[in-house]
Amino acid sequence: MTVAKRFRWEAAHRLADHPSLCRNLHGHSYTCWIELDGTPGPSEMLIDFQEVKRVVSPLIDAWDHCTYVNRDDTALREALATLGVKHYVLDGRSTTEALADYVARYLCTHGFAMLQDHGVTAVQVRVQETETCYAITRATVADYADTPAPDLEQALVETEAVAG
Ligand SMILES: Nc1nc2c(c(=O)[nH]1)N=C([C@H](O)[C@H](O)COP(=O)(O)OP(=O)(O)OP(=O)(O)O)CN2
Ligand SMILES: [Zn+2]
C-alpha cells in the first residue's frame, strides 16, 4: 500500500555556476508529494496524514518564502544578510534533486520512530520545481537509523523584522 501527502511552498534560489538563466536569482512555487509504503494494520490506516504533517511542517515553514543559498555562494549570502531577509543555507546546490533528498532525509530522521512504529518501510519524495520538471528520490527508512537529522536552526537565517 502507498499513501501520499502533498506540501507546497514558495522560495527563491539560483544555481550560481549554471551556464544559462538559472544562474539568476529567481523563484518557484514548489510542490512536494511524499509517498509512504507499508501494510496497514487493523486500523485500516497505514499512517495518519496528520502525523506526517506534524513531522514535515517545521521544514516547510522554514523553507516557505526563503531564499535557498549554497554555503559557498558568499556573494549571495552577504547580500541576503545585508537585506536582512529569510534564507536557508544548504551545503550544496539548491537543485530539485538536492531538495528531494533533503526532504527524504528530514522525514526519515526526525520521523524515524513514527515511521517504524507504523511499519512504513520506504518513502518516495517528489519535488516539483516548475510545471515541466521534478525529481523523485526513494529512501528505505531502516537505512536512516544512524543518519544525523538536518538542523533547521543552524540552516535558517531569519531576522525578527521579517519573521512571519
Ligand atoms: N537536473 C536539474 N536541472 C535543472 C535544475 C535542477 O534542479 N535539476 N534546475 C534548473 C533551474 O533551477 C530552473 O529553474 C528550472 O529549469 P528549466 O526546467 O530549464 O526551467 P524553464 O522554465 O526554462 O523550463 P521550460 O523549458 O520553459 O519549461 C535548471 N536545470
Ligand atoms: Zn530554479
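Please read all numbers here as calculations on a predicted model, not as lab measurements. (Residues numbered from 1 in each chain as written. Chains lettered and ligands numbered in written order. Predicted model: local features only at pLDDT ≥ 70, side-chain atom pairs only at ≥ 80, totals over all residues.)

**Student:** Break down the overall build of the protein chain for me, with residues and values.
**Tutor:** From N to C terminus, the protein chain includes five helices and seven strands. Helices and strands in the protein chain line up, N terminus first, as β-β-α-β-α-β-α-α-β-β-α-β. Scaling as 2.2 N^0.38, a compact globule of 164 residues should have a C-alpha radius of gyration of about 15 Å, and the protein chain matches this with 17 Å. For the protein chain, the spread of C-alpha atoms along the three principal axes comes to 55 × 35 × 30 Å. Taking all 164 residues of the protein chain together, the buried fraction comes to 27%. (Helix = DSSP H or I, 4+ residues; strand = E, 2+ residues; numbered from the N terminus. Rg over C-alpha atoms; globule rule 2.2 N^0.38 Å. Buried ≥ 20, exposed ≤ 12 C-beta atoms within 10 Å, placed from the backbone.)

**Student:** Report on helix α3 (residues 96–110), specifying residues and quantitative values.
**Tutor:** An ideal rise of 1.5 Å per residue puts 21 Å on 15 residues; α3 measures up with 21 Å between its terminal C-alpha atoms. Of all the positions in α3, only Leu99, Ala100, Tyr102, Val103, Ala104, Tyr106, Leu107 and Cys108 are classed as buried. Buried positions along α3 lie against β2 (26–38), α1 (49–63), α4 (112–117), β5 (120–130) and β6 (133–140). (Expected span 1.5 Å × (residues − 1). Contact = placed C-beta atoms within 7 Å.)

**Student:** Residues and numbers for the pairing of strand β4 (residues 87–90), please.
**Tutor:** One ladder, built from four bridges, connects strand β3 (residues 66–70) with β4; its direction is parallel. Looking across to β4, one finds that Asn70 is bridged to Leu90. Relative to strand β7 (residues 156–157), β4 runs antiparallel, the two sharing two bridges. Within β7, the residue paired with His87 across the bridge is Val157. (Pairing = 2+ DSSP bridges.)

**Student:** Outline the site of ligand 1, supporting the account with residue identities and numerical values.
**Tutor:** Contacts to ligand 1 come from Leu15, Cys22, Thr95, Thr96, Glu97, Glu129, Thr130, Thr132 and Cys133. Counted by class, the shell around ligand 1 contains three nonpolar, four polar and two charged residues. (Near = placed C-beta within 6 Å. Nonpolar A, V, L, I, M, F, W, Y, C, P; charged D, E, K, R; others polar.)

**Student:** Requested: an account of the environment of Ala81, with residues and values cited.
**Tutor:** Secondary-structure assignment places Ala81 in helix α2 (residues 74–83). On the basis of neighbour count, Ala81 is assigned to the partly exposed category, with 13 C-beta atoms found within 10 Å. For the pair formed by Ala81 and Arg105, sequence separation is 24 residues and the distance between their alpha carbons is 27 Å.

**Student:** So what's going on with the confidence of the model for the protein chain? Which residues, and what values?
**Tutor:** Residue-level pLDDT values for the protein chain average 95, and 96% of them are 70 or greater. Confidence estimates for the predicted assembly give a pTM of 0.96 and an ipTM of 0.96. (pLDDT = per-residue confidence, 0-100.)

**Student:** So what's going on with the nonpolar core? Residues and values would help.
**Tutor:** Formed by 33 residues in total, the largest nonpolar core has its most connected members in Ile34, Val103, Leu107, Val123 and Val125. Looking at this core, the elements with two or more residues in it are β1 (2–13), β2, α1, β3, β4, α3 and β5. Ranked by the residues each element gives to this core, the list is headed by α3, at eight residues. Filtering out sequence-adjacent residues up to four positions away, Val125 remains in contact with Cys32, Ile34, Ala100, Val103, Ala104 and Thr137. (Core = buried A, V, L, I, M, F, W, Y, C linked by C-beta atoms within 7 Å.)

**Student:** So what's going on with the packing of α1 against α3? Residues and values would help.
**Tutor:** Each pair of packed helices can be summarised by the angle the axes make with each other and by the distance between the axes. At a minimum axis separation of 10 Å, α1 and α3 run at an interaxial angle of 135 degrees. Here α1 lies oblique to α3, going by the angle between them. The chirality of how α1 crosses α3 is right-handed. Of the residues in α3, those touching α1 at Val55, Val56 and Leu59 are Val103, Tyr106, Leu107 and His110. (Axes fitted to C-alpha atoms, helices over the stretch in contact; angles between N-to-C directions. Parallel < 35°, antiparallel > 145°, perpendicular 65-115°, else oblique. Left-handed = near helix turned anticlockwise from the far one by under 90°.)

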